[in-house]
Amino acid sequence: MEEDRPASGGQQIDRRIPEPFRRFIPIVATTGIALAVVGFVTGIREPLPPPKILGTEAMLAGSAPAAVDYADLPNAPWKRDVPRSSLEALQAARPGIFEVVLRTEESKQAALADRAKNRAFDGAPPTIPHRVDSTSAPACLACHGQGLIVGERIATKICHPPFSNCLQCHVEVSNRDAELTVENLFAGRLRSGPGERASPGAPPTIPHSVFLRSDCLSCHGWVARPGIRTTHPWFSACTQCHVAASVLDGFPDFSSAR
Amino acid sequence: MNLADANRRDFLRTTALSAAASALAARVSARGPTPPGGRELPVVPGVAWDKAPCRFCGTGCHVQVGVANGKVVAISGDRDAEVNQGLLCVKGYHVGHILYGKDRLTTPLLRRDGQFVPISWDDAIDVIAQRILAAPDKFAFYGSGQWTVGEGYAANKFIKGGLSNNHIDPNARLCMASAVVGYISTYGIDEPYNCYDDFDHCDVLILWGNNFAEMHPVLFSRFIDRKLRGEKITLIDLATRWTRSSERADHVMIFQPHTDLAIANCIAYQVIEAGAVAREFVERHCVFRKPWKQPGEPQTLLGEPCGFDEYKQLISSYTPEAVSQMSGLSVEQLRLLGRFFIDRSKKVCSVWCMGVNQHTQGTAMNNLLHAIHLLSGHWGRPGDGPQSLTGQPSACGTVREVGTLAHGLPGDLRVDNPEHAASAEKLWNLPPGRINRKPGYHTVLMWEKFCTPSDQGGDIHTIWVQVTNPGQSLPNAKKLFEAKQRLPDKFLIVSDIYPTTTTRLADLILPSATWVEKNGIFGNSERRTQQWFRMVHPPGEARDDCWQTIAVARRLYDLGFPGMKDKDGKFLFHMQDDEGKEVEIWKWDQYYGRINVDERLYEEYRPFTRIKHKDVAPYSELVKSRGMRWPVVQQPDGSWRETRYRFIEGMDPFVSSGKGVQFYYSVGKDDRAVIWFRPYVPPPEAPDAEYPFWLDTGRVLEHWHTATMTGRVAVLKRAMPAGYVEMNREDAAELGIRNGERVRLHTRRGSLELPVWIDGRGRCPRGHLFVPFFDENRLINRLTLDAHCPFSKEPDFKKCAARVEKVMA
């Protein structure tokens, strides 16, 4: 559901091969050639290589690495520093609730800017910045159900009660390079703005609607962008101190004609 | 606002704790008391929120529109709305963007020597008036299921009451005309008797050729999310290709296109075979009809009465074994379908949209769906019945209820019914005989006549298009639209908000206001009438379509055209303020001001709806609500009550007491619904050696119809950038085509180059192709067939024969 791009600008794929691995180059190369030969032979027999969804290449430039087809393994552009492990291991590797959170103004601004990237306005459902192979809710919830950290990427926890048709609201932006035929001048509010504090040190109010954003931990929990994490995730009753008071959560009354 | 801002800190400081309590309470009760500060609670500084129905499909979700500094800045689902209960789809969340494409039309443009030159509104109105004066009977209005009620009403009154001309038809002819005729020939009166509550109550939901998950996502969620709550519900996807709806279905049944007629008849066969006919219900409330006297004769709309035994005889050839051969479904699948109808303990809801309606046997197919529900008694309980859905926000509200059809008058009345026409003349205060008793041209015929040279019988010489894009959405577009290019004496007027495929051939383009740039009323698929107010100003000189119509009417009045006066010589759209002074609403600066023209038109229209017991709610009630389902009837205590289910005692106020169920507008004037026999009829074009594929067209989640709006929204455009053709993997392999490669599709009407998508969003069975129609650069409707249902005149966009040719790079 949430964006899971790296919080800092570390998107560049490191193409240099680390020293200890260099001696494996001949082996890798040989394997590669062998696979190429096998691939060639297979290619003669089978006219169709595994299909690529439209826009795959354009996708790879700007988002999470896509799952790699078996035949493409030797040439897959994956990151070597991303731990390749099971979902269980990734889930176990989530930061602990008592881990110290360091927040700076810079990290906060970075987190907010990052968050605004895949929303048309504050309150719009975020777009999906990675490939989607399975469209079922359980597939989405595997990562987004409790939130997950994979390398530098964060799959944020779902912030509303689960619905079963995720792609009704969240669409895969599979072709980031697709040009709009014409520019759109809609200027939405990208940030809900800071909450109000009654006095320095007092808990801030919630500056945004909490409708469909009812799980505070999605953005502010310990599996979230560092800049907007809570410093005290062990208090679980957020609204005890933070007041939800947006107009949208109040009582809009449209009974008066104008 | 300034005052509110100044008080903001104080307010928050002193009431933080109590606000916490009240805000939490707010989420529990949707319409509780107003908190201190009410709507002015300035937590989102400068943003004012107001309700509006979504601009897109026929579901009729309500959104909250956030406006700051005269611009829409945010959209949220409206939790007070029963339809969507706070949820939207991705289009809805981005509906605010549709106002702000950079190329909004902002000034009237007239084509001179092949170039568009800006002209004044005054000149534009004059151009139209002169075209009409030259030949009032050769003028046509092509409207829309996106017209607001007021716009459609004004256009209908203008042409039928003013020009005595019935050449007005909407794009909804391409969309739900078959459903209309299906309802009328079954129940005697149009529109669903039931409502969306069915999706909350049914045990089994059958999708008849309907990709519910993408086309009506909010309603789909309303149904499918019940699974999350542990309810035992079954989804059956009867389809011609695998879609996102299939992914959630418990049973996916892929059938051969056009054999849905046989499948429905097979269900009726099994109900009879199992002795599961709802005998008491059928005997008391239904009659049987067949479409001709003898098989082999042409079918007629109202057919011939027949007895149950004859019906049984007619249906006897539709055995599961025989239908399995035809449809490609297995006998087990057909038996499974039959069992749902045989078992009355389960509530079965059938839902359909374009798959059934865009069909050369569209009326027949609609008749059959009602028939299997009536016959088996799966009718009448909430969750147990057949329901058609519409694709446009006011296909029901404006087209079906206001009667903007070639034969229609407001209130579901007909021009060719003398009594109806006389009632309309009386309500409009017109001299008797003003309304032409002969129906005008339906959509396909209207465009055919427009695209035919005048000396060869092409007797439509001017068409005014409002709120739709026929250049992209008409079938067989080369014949029905593009041929206009070679006819210099024909004149096309287009009112729109953006340049479209249609404006390319326009002679006069008028810039329109849209959605929350104007006051408006829509009516959704479940008879719900929904109102909103203007919240922002349209850009440049863009103005309401309704004002445009009234301004032309006034110009004709000023030029002495007699039809623009009522019996007493008053202007057709005469309106006066509270002091009795006439308001010159044909002047733009007076259109919004002393009176609410939208409200006046609606209240003028409302008496029509009482004639056939379709009483819509008063405007003042609509303002307070998130829409109300008609008939809306005042209670003894003065309150207004909506109707969830019609024809059922206790729910519908017009059913006589003791009747239980009463079809009070029935075909035979006997209070009974018709169970139709309609035979399988082969399609007009089917795959053959030369054109071996079925070509199906349709929509996708992210784009709405021709994407003139959604194509200008970055999120939607990037999610679904361009048209494609879906193809079966094995078919592609046989032709040596890989995923993403380009092919050229050919039909007997045209050809088009497209990239191939294999196993993507949808999956076609062998021999089947699917192309979405949203892409203005890849006009698939240049290839589609204009053959249409003989009764509803709705074309079949879903089936024609095509050939695929690989394009060498």
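Counting restarts for each chain: residues are numbered from 1 in the order of the written sequence. Starting at A for chains and at 1 for ligands, labels are handed out in the order in which the entities are written. A pLDDT threshold of at least 70 governs which residues receive local features in this predicted model, and a stricter bar of 80 or more applies before side-chain atom pairs are shown or counted, although totals over entire chains, interfaces and linings include all residues.

**Q** Is there a simple way to think about the overall build of chain B in this case?
**A** In this text, helices come from DSSP runs of H or I with a minimum length of four residues, and strands from runs of E with a minimum of two, each type numbered from the N-terminal end. Along its length, chain B carries 27 helices and 31 strands. Scaling as 2.2 N^0.38, a compact globule of 809 residues should have a C-alpha radius of gyration of about 28 Å, and chain B matches this with 26 Å. With the C-alpha coordinates aligned to their principal axes, the bounding extent of chain B is approximately 75 × 75 × 60 Å. We call two residues in contact whenever the C-beta atoms placed from their backbones are within 7 Å. Within chain B, counting contacts between residues at least 6 apart in sequence, those at least 24 apart form 69% of the total. We compute the radius of gyration from the C-alpha atoms alone; for a globule the expected value is 2.2 Å times N to the 0.38, where N is the number of residues.

**Q** Explain the overall build of chain A here, please?
**A** Looking only at helices and strands, chain A has six helices and two strands in total. N-terminal to C-terminal, the α/β element order of chain A is α-α-α-α-α-β-β-α. Buried, partly exposed and exposed are defined by the number of other C-beta atoms within 10 Å of a residue's own C-beta, namely 20 or more, between the two limits, and 12 or fewer respectively, with C-beta atoms placed from the backbone. By the burial criterion, 29% of the 258 residues in chain A qualify as buried. The contacts of chain A with a sequence gap of at least 6 include a subset with a gap of at least 24, amounting to 78%.

**Q** What is the right way to read the sheet that holds strand β2 (residues 62-68) of chain B from this model?
**A** Sheet strands associate in pairs through backbone hydrogen bonding, adopting either a parallel or an antiparallel arrangement. All names here are of chain B. We treat two strands as partners when DSSP finds at least two bridges between them. Taken in spatial order, the three strands make up an open sheet running β1-β2-β3, and their pairing is antiparallel. The open sheet has two edge strands, β1 (48-53) and β3 (71-77), and neither has a second partner. Going from strand to strand, the sheet's axes swing by 35° on average, the running direction of each strand aside. Relative to β2, β1 runs antiparallel, the two being bridged by six bridges. Each bridged residue has a counterpart across the sheet, and for W49 the counterpart in β2 is G66. What counts as an axis is a line fitted to C-alpha atoms, over the stretch in contact for a helix, and the angles between N-to-C directions run from 0 to 180 degrees.

**Q** Is there a simple way to think about the sheet that holds strand β12 (residues 304-306) of chain B in this case?
**A** Residues and elements named next belong to chain B. Read from one edge of the open sheet, three strands run β12-β11-β25, paired in mixed fashion. Both edges of this open sheet fall to β12 and β25 (673-676), since each of them pairs with a single strand only. Going across the sheet, the axis of each strand differs from the next one's by a mean of 50°, ignoring polarity. Across four bridges, the pairing between strand β11 (residues 286-290) and β25 is parallel. Following the sheet pairing, F288 is matched in β25 by I675. With respect to the sheet, helix α16 (residues 362-376) is in contact with β11 and β25, its orientation differing from that of β25 by roughly 105°.

**Q** Even after reading the chapter, I still don't get the pairing of strand β31 (residues 800-806) of chain B, so can you show me in this structure?
**A** Strand residues, when the strand is regular, have side chains that alternate between the two faces of the sheet. Residues and elements named next belong to chain B. Strand direction decides the pairing type here: strand β26 (residues 693-698) and β31, joined by three bridges, are antiparallel. Each bridged residue has a counterpart across the sheet, and for F693 the counterpart in β31 is A802. Note: strand β28 (residues 742-747) against β31, four bridges, orientation antiparallel. Paired with R744 across the strands is E805, a residue of β31.

**Q** Please explain the packing of helix α13 (residues 320-327) of chain B against helix α14 (residues 331-342) of chain B as it appears in this structure.
**A** Residue and element names in this part refer to chain B. At a minimum axis separation of 9 Å, α13 and α14 run at an interaxial angle of 120°. The pairing of α13 with α14 is recorded here as oblique in orientation. When you trace α13 past α14, the crossing you get is right-handed. Contact residues: P320, E321, V323 and S324 in α13; V331, L334 and R335 in α14. Between 65 and 115 degrees an angle is taken as roughly perpendicular, under 35 as roughly parallel, over 145 as roughly antiparallel, and anywhere else as oblique. Handedness of a crossing follows from how the near helix is turned relative to the far one, being left-handed for an anticlockwise turn of less than a right angle and right-handed for a clockwise one.

**Q** Teacher, can you tell me more about the nonpolar core here?
**A** The tendency in soluble globular proteins is for nonpolar side chains to be buried side by side. What makes a nonpolar core is a set of buried Ala, Val, Leu, Ile, Met, Phe, Trp, Tyr and Cys residues, with links drawn between C-beta atoms within 7 Å. Formed by 251 residues in total, the largest nonpolar core has its most connected members in I493(B), V725(B), L745(B) and L769(B). The element that contributes the greatest number of residues to this core is helix α10 (residues 260-273) of chain B, accounting for nine residues. Core analysis: the next-biggest nonpolar cluster, separate from the first, contains seven residues, L148(A), I154(A), W222(A) and A224(A) among them.

**Q** Can you help me understand unusual backbone geometry in this one?
**A** Excluding glycine, residues mostly carry a negative phi; peptide bonds, for their part, are mostly trans. At the junction of W630(B) and P631(B), the peptide bond is cis and its omega measures out at -5° in the coordinates. Note that P631(B) resides in the loop between β22 (628-629) and β23 (633-634). Even without a glycine there, the phi angle at L212(A) is positive, about 60°. Secondary-structure assignment places L212(A) in the loop between β2 (153-155) and α6 (217-220). Residue class for L212(A) comes out partly exposed when judged on the 19 C-beta atoms lying within 10 Å of it. The phi dihedral of W515(B) falls on the positive side, at around 45°, and the residue is not glycine. Within the fold, W515(B) resides in the loop between β19 (508-511) and β20 (520-523).

**Q** Explain the environment of V282(B) to me, please; I cannot follow it from the model alone.
**A** All names here are of chain B. Looking at where V282 falls in the secondary structure, it is placed in helix α11 (residues 279-285). Take V282: there are 20 C-beta atoms within 10 Å of it, and that puts it in the buried class. Taking the C-alpha atoms as reference, V282 lies 7.1 Å from L374; in sequence the two are 92 residues apart.

**Q** How do you make sense of the confidence of the model for chain B when you look at a structure like this?
**A** Interpretation of the predicted coordinates at a detailed level should be avoided for regions scoring low in pLDDT. All names here are of chain B. Within a predicted model, pLDDT stands for the predictor's per-residue confidence, ranging from 0 to 100. Across chain B, the average pLDDT comes to 92, with 94% of residues at or above 70. Low pLDDT, under 50, characterises residues 1-43; the predicted model gives this stretch 51 contacts beyond four residues in sequence or across chains. With a pTM of 0.85, the predicted complex shows an ipTM of 0.72.

**Q** How should the pairing of strand β4 (residues 109-112) of chain B be read in this particular structure?
**A** All names here are of chain B. Two strands pair when backbone bridges link them, and β4 and strand β5 (residues 115-118) are joined in this way by four bridges, in the antiparallel orientation. Of the residues in β5, the one forming a bridge with L110 is V117. Once β4 ends, the chain turns through two residues before running back antiparallel as β5, passing D113 with a positive phi of about 50°. Two elements, β4 and β19, share two bridges in a ladder whose sense is antiparallel.

**Q** Just to check I follow, could you spell out the environment of A111(A) for this structure?
**A** Residue and element names in this part refer to chain A. Within the fold, A111 resides in helix α4 (residues 105-117). On the basis of neighbour count, A111 is assigned to the buried category, with 20 C-beta atoms found within 10 Å. The spacing of A111 and H242 is 131 residues in sequence and 20 Å in space, taken between C-alpha atoms.

**Q** Please clarify how the packing of helix α4 (residues 149-162) of chain B against helix α24 (residues 597-611) of chain B should be interpreted in this entry.
**A** All names here are of chain B. At a closest axis distance of 9 Å, the pairing of α4 and α24 adopts a crossing angle of 65°. The interaxial crossing formed by α4 with α24 has left-handed handedness. Facing V149, G150, Y153 and A154 of α4, the residues of α24 in contact are D598, L601, Y602 and Y605. Under the convention adopted here, Pro, Cys and the residues Ala, Val, Leu, Ile, Met, Phe, Trp and Tyr are nonpolar, Asp, Glu, Lys and Arg are charged, and Gly plus all remaining residues are polar. Looking at the contact of α4 with α24 residue by residue, the classes come out as six nonpolar, one polar and one charged.

**Q** Would you take a moment to explain helix α5 (residues 137-144) of chain A for this structure?
**A** Two residues of an α-helix separated by three or four positions point the same way, owing to the 3.6 residues in each turn. Residue and element names in this part refer to chain A. Of the positions making up α5, those classed as buried are A137, C140, C143 and H144. Buried residues of α5 fall within an arc of 140° about the axis and therefore sit on the same side. Taken together, the buried residues of α5 touch β1 (148-150) and β2. Along the arc lie the directions from the helix axis toward the C-beta atoms.

**Q** Please explain the confidence of the model for chain A as it appears in this structure.
**A** Residue and element names in this part refer to chain A. Per-residue confidence for chain A averages 71 on the pLDDT scale, and 64% of its residues sit at or above 70. Segment residues 1-13: pLDDT under 50, and 40 contacts once partners within four positions in sequence are set aside and those in other chains are kept. For the stretch residues 46-63, pLDDT sits under 50, and the model shows 34 contacts to residues farther than four places along the chain or on other chains.

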